Amino acid sequence: MGGVPPTEGQPGEPNPLVRRRLEKLEALRRSGIDPFGQRFGVTHWAGDLARRHHEAAEEKLKAVGSVAVAGRVVALRHHGKTCFAHLRDQSGQIQLYARSDALGERYASFTDLDVGDFIGVTGELFRTRTGELTVAVRAFELLAKSLRPLPEKWHGLKDVETRYRRRYVDLVMNPQVRETFVTKSRLIRELRAFLEARGFLEVETPMMQPIPGGAAARPFVTHHNALDMPLYLRIAPELYLKRLVVGGLDRVYEINRSFRNEGISTQHNPEFTMLEFYQAYADYEDLMALTRGSSVGRRSCTRARRSICRLPGRGCRSSGRSPRRSRPTCRRTRESRRSGGRPWPPAWRSPSRAQAWSASGRTSSTRSSSRP
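Not measured: the values here are computed from a predicted model.

A.B. asks: Sorry, what's going on with the pairing of strand E9 (residues 229-233) here?
C.D. replies: Walk down a regular strand and you will see the side chains alternate between the two sheet faces. Pairing between strand E7 (residues 208-209) and E9: two bridges, direction antiparallel. Residue pairing across strands places Gln209 opposite Tyr232, the latter belonging to E9. Bridge count for strand E8 (residues 221-224) against E9 is four bridges, and the pairing is antiparallel. Bridge pairing in E9 places Val221 opposite Tyr232. Hairpin connection from E8 to E9: four residues lie between these consecutive antiparallel strands, with Asp228 at a positive phi of about 50°.

A.B. asks: Please clarify how helix H9 (residues 238-246) should be interpreted in this entry.
C.D. replies: Along an α-helix, a turn takes 3.6 residues, which lines up residues three or four apart on a common side. Among all positions of H9, only Glu238, Tyr240 and Leu241 are buried. The inward-facing, buried residues of H9 contact E7, strand E10 (251-259) and strand E11 (271-279). Where H9 ends, the next residue or the one after it, Gly248, has phi of about 115°, a positive value.

A.B. asks: Is there a simple way to explain the sheet that holds E8 in this structure?
C.D. replies: The strands making up a sheet associate through backbone hydrogen bonding, with each pair oriented either parallel or antiparallel. The antiparallel open sheet is built from three strands, whose spatial order is E7-E9-E8. Here the strands that pair on one side only, and so sit at the sheet edges, are E7 and E8.

A.B. asks: What am I meant to see in the side chain of Glu276 here?
C.D. replies: Position of Glu276 relative to the elements: it lies in strand E11. Among buried charged residues, Glu276 stands out as having no salt bridge; its nearest opposite-charge side chain is Arg260, 6.4 Å away. Polar side-chain contacts of Glu276 include one of 2.6 Å to the side chain of Tyr278. Excluding residues that lie within four positions of it along the chain, Glu276 makes contacts with Ala236, Pro237, Glu238, Leu241, Val252, Tyr253 and Glu254.

A.B. asks: Help me understand the environment of Asp48, please; the structure alone is not making it clear to me.
C.D. replies: Structurally, Asp48 is set in helix H2 (residues 46-52). Sequence-wise, Asp48 and Gln90 are 42 residues apart; in three dimensions their C-alpha atoms are separated by 10.0 Å.

A.B. asks: Any chance you could explain the nonpolar core here in plain terms?
C.D. replies: Soluble globular proteins tend to pack their nonpolar side chains together in the buried interior. One finds Ile94, Leu96, Phe110, Ile119, Val121, Leu125 and Val137 to be the most contacted residues of the largest nonpolar core, which totals 26 residues. The leading source of residues in this core is strand E5 (residues 133-144), at five residues. Residues within four places of Phe110 in sequence aside, it is in contact with Cys83, Ala85, Ala98, Leu103, Ile119, Val137 and Phe140. With seven residues, the next largest nonpolar core counts Ile188, Phe194, Leu195 and Tyr253 among its residues.

A.B. asks: Honestly, the sheet that holds E10 in this entry has me stumped. Any pointers?
C.D. replies: Judged by pairing direction, the sheet is mixed, and its three strands sit side by side in the order E6-E10-E11 without closing on themselves. Every other strand in the sheet has two partners, leaving strand E6 (201-202) and E11 as the edge strands with one partner each. Direction of pairing for E6 relative to E10: parallel, over a ladder of two bridges. What sits directly across from Glu202, in E10, is Tyr253. Across the sheet, helix H8 (residues 178-197) lies against E6, E10 and E11, angled at about 155° from E10, the strand it touches most. Relative to E11, H9 is tilted by about 25°, and along the sheet it contacts E10 and E11.

A.B. asks: How should the packing of aromatic side chains be read in this particular structure?
C.D. replies: What characterises a pair of aromatic rings is the spacing of the ring centres plus the angle enclosed by the ring planes. Scanning the model with the defined rule gives four aromatic pairs in all. Site record: aromatic cluster; members linked through ring pairs are Phe84, Tyr97 and Phe126. Arg106 extends its terminal NZ or CZ atom over the ring of Phe140, reaching a point 4.3 Å from the ring centre. Residue placement shows Arg243 over the ring face of Tyr240; its charged tip is 4.6 Å from the ring centre.

A.B. asks: Hey, could you run me through the environment of Arg260 in this one?
C.D. replies: By the secondary structure assignment, Arg260 is in the loop between E10 and E11. The spatial distance from the C-alpha of Arg260 to the C-alpha of Pro219 is 5.2 Å, given a sequence separation of 41 residues. Discounting residues that sit within four places of it in the chain, Arg260 has contacts with Ala215, Ala217, Arg218, Phe220, Ile235, Ala236, Pro270, Phe272 and Met274. A distance of 2.9 Å separates the side chain of Arg260 from the backbone oxygen of Ile235, its partner in a polar contact.

A.B. asks: Looking at this structure, how should I read helix H1 (residues 16-30)?
C.D. replies: Helix length check: H1, at 15 residues, gives a terminal C-alpha distance of 21 Å against a target of 21 Å (1.5 Å per residue), a fit within 8%. Those residues of H1 that fall on the buried side of the exposure criterion are Val18, Arg21, Lys24, Leu25 and Leu28. An end-on view of H1 places all buried positions within 115° of arc, on one side of the element. Residues of H1 that are buried make contact with E5.

A.B. asks: Can you walk me through the environment of Gly71 in this structure?
C.D. replies: Here Gly71 lies in strand E1 (residues 66-79). Contact partners of Gly71, with chain neighbours within four places excluded, come to Leu87, Arg88, Asp117, Phe118 and Ile119.

A.B. asks: Teacher, can you tell me more about the confidence of the model for the protein chain here?
C.D. replies: The predicted structure's coordinates, where accompanied by low pLDDT, should not be read in detail. With 74% of its residues at a pLDDT of 70 or more, the protein chain has an overall mean of 80. By mean pLDDT, helix H11 (residues 296-303) is the weakest element of the protein chain at 50, and E6 is the strongest at 97. Confidence drops under pLDDT 50 across residues 304-323; counting only partners more than four residues distant or on other chains, this segment forms 29 contacts.

A.B. asks: Would you take a moment to explain the pairing of E10 for this structure?
C.D. replies: Within E10, seven of the nine residues are buried, which leaves the element mostly enclosed by the surrounding structure. Here E10 runs beside E11; their pairing, made up of nine bridges, is antiparallel. The partner of Arg251 across the bridge, within E11, is Gln279.

The rules behind the values
Residues numbered from 1 in each chain as written. Predicted model: local features only at pLDDT ≥ 70, side-chain atom pairs only at ≥ 80, totals over all residues. Heavy atoms only, no water. Pairing = 2+ DSSP bridges. Helix = DSSP H or I, 4+ residues; strand = E, 2+ residues; numbered from the N terminus. Buried < 20%, exposed > 50% of the residue type's maximum accessible area, 1.4 Å probe, protein only. Contact = heavy atoms within 4.5 Å. Lys, Arg positive; Asp, Glu negative; His and termini not counted. Salt bridge = Lys/Arg side-chain N within 4 Å of Asp/Glu carboxyl O. Polar contact = N/O pair within 3.5 Å; in protein donor to acceptor, adjacent residues only side chain to side chain. Core = buried A, V, L, I, M, F, W, Y, C linked by side-chain atoms within 4.5 Å. Axes fitted to C-alpha atoms, helices over the stretch in contact; angles between N-to-C directions. Phe/Tyr/Trp six-rings, centres within 6.5 Å; stacked < 30°, edge-to-face > 60°. Lys NZ or Arg CZ within 6 Å of the ring centre and 35° of its normal. Expected span 1.5 Å × (residues − 1). Arc of directions from axis to C-beta. pLDDT = per-residue confidence, 0-100.

What follows is the structure, encoded as structure tokens:
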């Protein structure tokens, strides 16, 4: 909304759409209206109203009384003396209905709004002839003027690099992206509740460390001016968590930010969130049982619409099924490791067939299709 508008033609010259919005901005200031930073008392969330009263009768809608919602205008439809709009906040969106006889002189200001503006609206709920839940606007306030137009509605924002570099635009144009943020927050909350119920203590360890330990990764290097010494952004919290265990904190964990100065892609960021926990007087089987028995994935999957793990281009989906039990290494696996990773087919007990199969150079992935 703020900052330097995009240019067209000569450097520094705003394009016509931005120029028009800048003119509206100056007109607002001349009329004594602050185009930014207004406070508005919100009483309801737009999405919650739409879901809660989706099938409510007219009598129940009238009983709700006056509501005050605030958010971004994402659509405008003018019809002479009436105007429809869609208002979106973090919970969802709801339709607005403004009439000239209800707003009076303020109706012209409502129709002069742009898509992207933030407004606060006060009104009553009713249902249109098409059955859509709507807020009849009795009063409104401009909370923040948008200076840049949003991407085109029908084509949306599809460029991957733009979506990752400008997350705020991605959130505006692709509301389903918001579910990723909500799911992560719910997952972290479930993880904390699960670990704390089992006596684990959440701690914070230094992010700048004199020795980048706990993993084999290239660190980011910085310099501490007061101490005149080089420091490294942590690549893992392992060393400090282990020191806490030595100090007497038997069960500790940290949901931390770690930094590794390595590759980058849409699914790998040098700055990432890691959960690491340590438990005294336990071995790896205890930690395996703790991880398997958490059922955090199943609970969060249900509460977050089963969208925890769904990576583009990969077959990774969180299911509600229990994980498989760990089994000891079988004889065929041990033989496979000794023979270079190519297990002997169980049906081929004949040495001659085994020799022919080994000489053919086929791998274990073809076993199911090469049975006699």
